[in-house]
Amino acid sequence: MILRRSLLIGAAALAMASGAPAAFAQEEPLKVGFIYVGPVGDFGWSYQHDQGRLALEKEFGDRVQTTYVESVPEGPDAERVLRQLATSGHKLIFATSFGFGDATAKIAKAFPDVKFEHATGYIRDVNLATYSGRFEEGRYILGVIAGKTTTSNKIGYIGAFPIPEVLRGVNAFTLGLQSVNPEATVSVVWANTWYDPGKEADAANAVIAQGADVIAQHTDSPAPLQAAENAGNVKVFGQASDMIQFAPTAQLTAIVDDWAPYYIGRVQAVLDGTWESQDHWGGLAAGDVHMAPYTNMPDEVKALAEETQAKIASGELNIFSGPISDRDGTERVAAGEALDDAAQLEMNWFVKGVQGDLPK
Amino acid sequence: MIRLEPRAAPSKLMAMLSPLIAILLTLIAGALLFALLGQDPVEALRVYFLSPFDDAYMRAEVLVKAIPLALMGAGLAVCFRANVWNIGAAGQFTLGAIGAGAAALFIPAESPFAMLAVPLIAGALCGMAWAAIPAALRTRLSVNEILVSLMLTYVAALLLDWLVRGPWRNPRGFGFPQTNAFPEWAHVPLLVEGTRLHVGAFLAVAAAAGLWLMMSRTLRGLRLRVTGAAPRAARFAGFSAAGDVWFVLLLSGGLAGLAGALEATSIVGRLQPEIGAQAGFTAIIVAFLGRLNPLGALLGALVLAVSAIGGENAQILLRLPKNVAGVFQGMLLFFLLACDSLIAYRPRLVARRRA
């Protein structure tokens, strides 16, 4: 089990030992590179990162120049793209998907004067930071809303891959759901892709056919929202960005990933010469995660959602506070305790109430 | 208006000139496209065609990208020549990676079998086994090999997916879908330190040259060409159609498996869901760009590798969206294939006659 804090402090110490970078002349704009796993037009994950990139241009104007490479597969090509960004003068590079981790770590070693940031990753180095959002805080709120909305007590959940990031979301959602509706269950379907509108729509239609009347998703396209909208009596949540335009009568709310504050802060740090490797994990309180407007629901559900949101943001409610047992009955969090970050990072179990395969 | 008239015999001149004409047309159309997008056309074309040669690492990357394309393209060229349509090289590539991964992960370092040739051979055999399924179904039950080989691509991808998420998952990998890194002995040696260029380059050239010799100098090659061009004539000549189907599918499947094994042991270094199997589909274009000649496939692989890397560089250096890179790559392929029609046809300007 990894102690995140000690890793962090170690990395910071190393960064200081290697000497702070000298402030450089400001005539040359700072070149900032991004690589995306999907197209910028996915209206989900990559789109939101690109919104963060555009926010950089707006904030810093001529002082930065940004570049992106989209639809980079999480395989052999990533290393070359990262290296080319580094050799073409980009001094700060954001690798925005988990699967870029190995390539980013390797290229970071080869380019010690370039700063790298890896989203949702866990490998850090003096010039390689990691960052993510506590999206599961938003997913807990979705679960609360779903619990109050469903009449069939069957919720469909389209997951990308059975990795900790996604399992945290499923569990947070289910804990929220069962906090208001212990009868309701969640059926997880694996799409085995982050972005494939066809497969995502198929998965949505499959869970609708099984009787689900609320759908949540952890894949990046709006296809499940369109499927819900077409089905008529199915409600749905947007993913990563406000997808209300795709489901004007079906979307209840959406978790909005807002990378702009983080990106602006990190670019400022490079400009000031104060950039250090770190692990950033911000949630509702830090402003990295927003909720889209609560729509298509009765006022009392909306009030409950807002109350839950306020409690999480203020720290009054820890979404992974015990007692929590997994679905096999093993106690994972004792009463009066909460799941620590390290355990959240390697989560590989489902809470009670989740149905569907979990590869062991 | 221009009319295409069939030539009595294929033009030798045009066979050489058509790629040059195609490149010229691509340059003109590309310059126009980039000018319309507000880019400097000369700089944009430089980025596409020349920036992949800018430094030693990039030159090596062109070859790295071309190696699996060439291996698979050469095999598919032979396969398509024989009128057997193996569309599933991507699946055979994936099985090759799985086979190599099984050997690399489960052979202990002290075993006498712990040497690089073993995963590579295992990969090639797994690729052949995967290609044997469409071969058996086609020869025994007359099932269309296009569909079977294509569908098996998805089965292969799901099999890999299951292995890396389930039984072969790295137990200390935070639950992420990947196996342990392969041991040192199972890494393909690099040719140039500091790049990713590996000895697979020699295998690709040897495979292409060997297949070219076979097709042009051996009875087997003649049989395959006859079977492909005139199946009835081949039957009258007593050639076994079933034997040829088996031969070309096992050959192309084995090469695709080898390509997958090389990619897994040299570039990726472990198994994970994404290992670059998409190259199996690109290799179909490679085979056609090379006019279904194994040596031509080498060139086709280089062309596609340059245009893929040029497209990435255009996004980085010119900040063009990926779709523009795709449009440009499409134009290049379109002109290359369209100009090949000049070999068999003569364009002739004819006055439009009054009715």
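Just so we're clear, the structure is a prediction, and the values are computed from it rather than from any experiment. (Residues numbered from 1 in each chain as written. Chains lettered and ligands numbered in written order. Predicted model: local features only at pLDDT ≥ 70, side-chain atom pairs only at ≥ 80, totals over all residues.)

With that out of the way, let us pick up the overall build of chain B. Counting secondary structure elements, chain B contains 14 helices and two strands. Compactness check: chain B gives a C-alpha radius of gyration of 22 Å against a globular reference of 20 Å for 355 residues, within 12% of the reference. The C-alpha extent of chain B, read off along each of the three principal axes, is 80 × 60 × 35 Å. Considering chain B as a whole, with its 355 residues, one finds that 48% of them fall into the buried category. Taking contacts inside chain B between residues at least 6 apart in sequence as the whole, the part at least 24 apart equals 78%. (Helix = DSSP H or I, 4+ residues; strand = E, 2+ residues; numbered from the N terminus. Rg over C-alpha atoms; globule rule 2.2 N^0.38 Å. Buried ≥ 20, exposed ≤ 12 C-beta atoms within 10 Å, placed from the backbone. Contact = placed C-beta atoms within 7 Å.)

Before going further, it helps to examine the domain arrangement of chain A. Residue and element names in this part refer to chain A. What the domain assignment reports for chain A is domain 1 (4-134 + 258-282) and domain 2 (135-256 + 290-355). Placing the centre of domain 1 and that of domain 2 at their C-alpha centroids yields a distance of 29 Å. If you look at the interface, domain 1 gives 17 residues, while domain 2 gives 18 residues. With four residues, helix 2 (residues 45-60) is the largest single contributor of residues to the side of domain 1 that touches domain 2. (Domains from an automatic or database assignment.)

All names here are of chain B. Along helix 11 (residues 279-289), nine of the 11 residues are buried, which leaves the element largely enclosed by surrounding structure. Restricting attention to buried positions, one finds in helix 11 the residues Ala279, Gly280, Thr282, Ala283, Ile285, Val286, Ala287, Phe288 and Leu289. The inward-facing, buried residues of helix 11 contact helix 3 (56-81), helix 4 (89-106), helix 10 (241-268), helix 12 (294-318) and helix 13 (322-339). Of the residues one or two after helix 11, Arg291 is the one with positive phi, at around 50°.

All names here are of chain A. At their nearest, the axes of helix 3 (residues 77-87) and helix 4 (residues 101-110) sit 9 Å apart, and the two run at 35° to each other. Crossing handedness for the pair helix 3 and helix 4: right-handed. Contact with helix 3, carried on its side by Ala78, Glu79, Leu82, Arg83 and Ala86, involves Ala103, Thr104, Lys106 and Ile107 of helix 4 and no other residues of that element. Considered class by class, the residues forming the contact of helix 3 with helix 4 number five nonpolar, one polar and three charged. (Axes fitted to C-alpha atoms, helices over the stretch in contact; angles between N-to-C directions. Left-handed = near helix turned anticlockwise from the far one by under 90°. Nonpolar A, V, L, I, M, F, W, Y, C, P; charged D, E, K, R; others polar.)

To continue, consider the nonpolar core. Residue and element names in this part refer to chain A. Counting residues in hydrophobic clusters, the biggest one holds 104 residues, and the most contacted among them are Ile35, Leu82, Ile155, Phe173, Ala204, Ile215 and Ala228. The dominant element in this core, judged by the number of residues it contributes, is helix 5 (residues 135-149), at seven residues. Those residues in contact with Ala228 that lie beyond four places of it in its chain are Ala204, Ile215, Val234, Lys235, Val236, Ala247 and Ala250. (Core = buried A, V, L, I, M, F, W, Y, C linked by C-beta atoms within 7 Å.)

When the parts of a complex come together, some accessible area is lost, and that lost area is often used as the size of the interface. Taken together, the contact between chain A and chain B spans 26 residues of the former and 22 residues of the latter. Mapped by element, the contributors of at least two residues to the side of chain A that touches chain B are strand 2 (64-69) and helix 3 of chain A. Among the elements that make up the side of chain A that touches chain B, the one with the highest residue count is helix 3 of chain A (five residues).

Attention shifts here to the pairing of strand 9 (residues 235-238) of chain A. Residues and elements named next belong to chain A. The alternating pattern of strand 9 places Lys235 and Phe237 and Val236 and Gly238 on opposite faces, both of which are buried. With two bridges connecting them, strand 9 and strand 10 (residues 251-257) associate as parallel partners. Directly across from Gly238, in strand 10, lies its bridge partner Ala254. (Pairing = 2+ DSSP bridges.)

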